[in-house]
Amino acid sequence: MKRSNLTGETLQGAKFWLESTAHSGKVGSSPVSTIELLCQMPSATPDLDDSFEGLLGLTKVRPSGPVQYVVQWKQRTYALGYYDESQWITASVESDGMIKVDGMIPGVQYKFLVTVVGPAGKLGDTIQSEWTEISNTLTVKAPGAPLIVKNGFNSEQGVVAHLHFPRTAYDSCYFRLQVKNATNSVVSDLRVDPTYSILLSHLEFDSSYAVTLSALSSDQNTATNPISVRFNSFQCKQVYGKGSLQCAPEPVSNIRVAIEANSTAQITWTASAEPENILTYAITYQAYLGPCNKDPTTVYLGAPSTSYEMLLPRNVHCEFMFRITNYDAIGREAFAETRIAVMQERLISSSFTVPLIAIGISFAFLILAVCCFAVCRCCNKCPVKVSENKAKLTDYA
């Protein structure tokens, strides 16, 4: 692994604390709980061909003031049934919780150790990673399937989704993410971090999204084949409740039409919100087929209304478009439509007469067929019986 040239007061202070015993000079507890090699990929450094680079991720358990991270590493190889392990080697002093390491040899295992140093001294115990073996394949590993999406919402970032996929230390350190819906498409390049999920923020309510994810090389110029997933974001009513003024109004549902004997149509519906969130209903109907008046008629109803009685024309054949528009308390609207067909009374009655006539004719044919069958049976059997009687009379003669 490549070593950094450390000079100055930072190096001298780090050496002082590292050369002390495990507990001497320790001030308080460490703000870091774990250290892990998050990823690895072929190195982009010109003089480190056939080696790997990666990122160390530090997981913090609490905020800390200005600190430095003294990074050490050692390596081991396995041969003849034994591990050949090196001593700890100081690699660098860092101020960032994401630390780049370079020059790792394929097939060799590495372990890392971090000491946190603050202005007053070493903070807590040193933190060590697990042994991680470097891949022998000098290619970028594609992300593993499946992609899993978990929807969410928070007041700062609005509608969000957390994207998860199986991550290992052999994955790339960089990814290309595309998030697309019907109105927008965003492509971004990402660097891994210890959270093991990708946050998709500021999404639209109730929208269908397509997400693709591919791994990038260390120079971020080459991408692997992507994996993808589709999901629907949270609906507004799932967050704020049905009929909330935070959401766009929804149209009424379950529209039903009942034709009454007095030439009226009783239209009922289910409200999309509570009455206090509805300003008014606008009921509009207009004939679009037949000789009826084509001028639209609009009637306004109060918020608690869930039905309307419509007067129908007599002795004509017309079809009407019936629209219910609901306005919320701040004037936004949504509507739903249905159609009503009015038939002539003579056509309605004749439609019931035709089947009755057909049934009567069928019944008459059935009786005629039975009679013919009986006559045929009789005609076939009677001559036999007569000949039999004649034969018996001849025997007695």
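What counts and what doesn't
- Note that residues are indexed from 1 along each chain, following the sequence as it is written.
- Per-residue local features of the predicted model are confined to residues with pLDDT of at least 70, and side-chain atom pairs are confined, for both listing and counting, to 80 or more; whole-chain, interface and lining totals are unaffected and use all residues.
- To obtain the side-chain values, all non-hydrogen atoms of the structure were included, while hydrogens and water were left out.
- Numbering of helices and strands runs from the N terminus, with a helix taken as a DSSP run of H or I at least four residues long and a strand as a DSSP run of E at least two residues long.
- For every residue, the accessible area (1.4 Å probe, protein chains only) is compared with the maximum for its type, and the residue is labelled buried under 20%, exposed over 50%, or partly exposed between those bounds.
- In this description, accessible areas are obtained by the Shrake-Rupley approach with a 1.4 Å probe, and a residue is regarded as covered only by the protein chains that are shown.
- Pairing between strands is defined by DSSP: at least two bridges between the two strands are required.
- For every element, the axis is a line fit to its C-alpha atoms; helices are fit only across the contacting stretch, and the angle between N-to-C directions ranges from 0 to 180 degrees.
- Nine residue types can take part in a nonpolar core, namely buried Ala, Val, Leu, Ile, Met, Phe, Trp, Tyr and Cys, and a core is a set of them joined through side-chain atoms within 4.5 Å.
- Between two residues, a contact is recorded if the distance between any of their heavy atoms is within 4.5 Å.
- Every case where a carboxyl oxygen of Asp or Glu lies within 4 Å of a side-chain nitrogen of Lys or Arg is listed as a salt bridge.
- Here a Phe, Tyr or Trp ring, Trp counted by its six-membered ring, pairs with any other such ring whose centre lies within 6.5 Å, and the pair is stacked when the planes are under 30 degrees apart, edge-to-face when over 60, and tilted otherwise.
- Two conditions define a charge sitting above a ring: the NZ of Lys or the CZ of Arg must be within 6 Å of the ring centre, and it must be within 35 degrees of the ring normal.

Chemist: Hey, could you run me through the overall build of the chain in this one?
Modeler: Scanning the chain from terminus to terminus reveals three helices and 24 strands. Looking at the chain as a whole, 35% of its 397 residues qualify as buried. Total accessible area computed for the chain in this model is approximately 23,400 Å², and 55% of it derives from carbon and sulfur atoms.

Chemist: Before we go on, may I ask you to explain the sheet that holds strand β13 (residues 174-180) in this structure?
Modeler: Strand pairs in the sheet, formed through backbone hydrogen bonds, run parallel or antiparallel to each other. A sheet is described by the order of its strands in space; here four strands give the open sequence β14-β13-β16-β17, paired in antiparallel fashion. On the outer flanks of this sheet lie β14 (185-191) and β17 (227-232), each paired with one strand and no other. Mean inter-strand twist for the sheet, computed between neighbouring axes without regard to direction, equals 20°. As defined by bridge partners, β13 adjoins β14 across seven bridges and the pair is classed as antiparallel. Bridge pairing in β14 places F175 opposite L190.

Chemist: Please explain the nonpolar core as it appears in this structure.
Modeler: If you look at soluble globular proteins, the nonpolar side chains tend to sit buried side by side. With 27 residues, the main nonpolar core has L177, L200, V211 and L213 as its most contacted residues. For this core, the secondary-structure elements that each account for two or more residues are β1 (32-42), β12 (158-164), β13, β15 (198-203), β16 (208-216) and β17. Among the elements that line this core, the one with the most residues is β16, at five residues. Among residues more than four places away in sequence, those in contact with L177 are L163, V186, V187, S188, L190, I198, L200, V211, T212 and L213. Membership of the second largest hydrophobic core comes to 24 residues, among which are A265, I267, A273 and F322.

Chemist: Sorry if this is basic, but what is going on with the sheet that holds strand β19 (residues 264-270) here?
Modeler: A sheet is described by the order of its strands in space; here three strands give the open sequence β18-β19-β22, paired in antiparallel fashion. Only two strands of the sheet have a single neighbouring strand rather than two, namely β18 (253-259) and β22 (307-311). Ignoring strand direction, the axes of neighbouring strands in this sheet form an average angle of 20°. Inspection of the sheet shows β19 paired to β22 by five bridges, in the antiparallel sense. Bridge assignment links I267 to a residue of β22, and that residue is Y308.

Chemist: What is the right way to read the pattern of salt bridges from this model?
Modeler: Two side chains of opposite charge can pair, provided their charged atoms sit close to one another. Within the structure shown, the criterion is met by seven salt bridges. For the salt bridge of E85 with K74, the shortest nitrogen-to-oxygen distance reads 2.7 Å. In this pair, E85 sits in strand β4 (residues 82-85) while K74 sits in strand β3 (residues 68-79), placing the two residues 11 residues apart along the sequence. By relative accessible area, which is 12% here, K74 ends up buried. With its nearest N and O atoms 2.8 Å apart, the salt bridge here joins D328 to R332.

Chemist: Sorry if this is basic, but what is going on with the packing of aromatic side chains here?
Modeler: Any two aromatic rings considered together are summarised by their centre-to-centre distance and by the angle between their planes. Under the definition given, this model contains 11 aromatic pairs. Consider the rings of F165 and F175, whose centres lie 5.4 Å apart with planes at 70°: the pair is edge-to-face. Here F165 is found in the loop between β12 and β13, whereas its partner F175 is found in strand β13, with 10 residues between them in sequence. With respect to burial, F165 and F175 carry one shared label: buried. Measuring from centroid to centroid gives 5.5 Å for Y209 and F231, while their planes differ by 15°, and the two rings are stacked. Linking Y209 in strand β16 with F231 in strand β17, this pair joins segments that are 22 residues apart in sequence. The same class applies to Y209 and to F231, which are both buried. A network of ring pairs unites the aromatic residues F153, F205 and Y240 as a single cluster. The side chain of R76 reaches across the aromatic face of Y83, ending 3.9 Å from its centre. Positioned above the aromatic ring of Y196 is the side chain of R167, whose terminal nitrogen or guanidinium carbon lies 4.1 Å from the ring centre.

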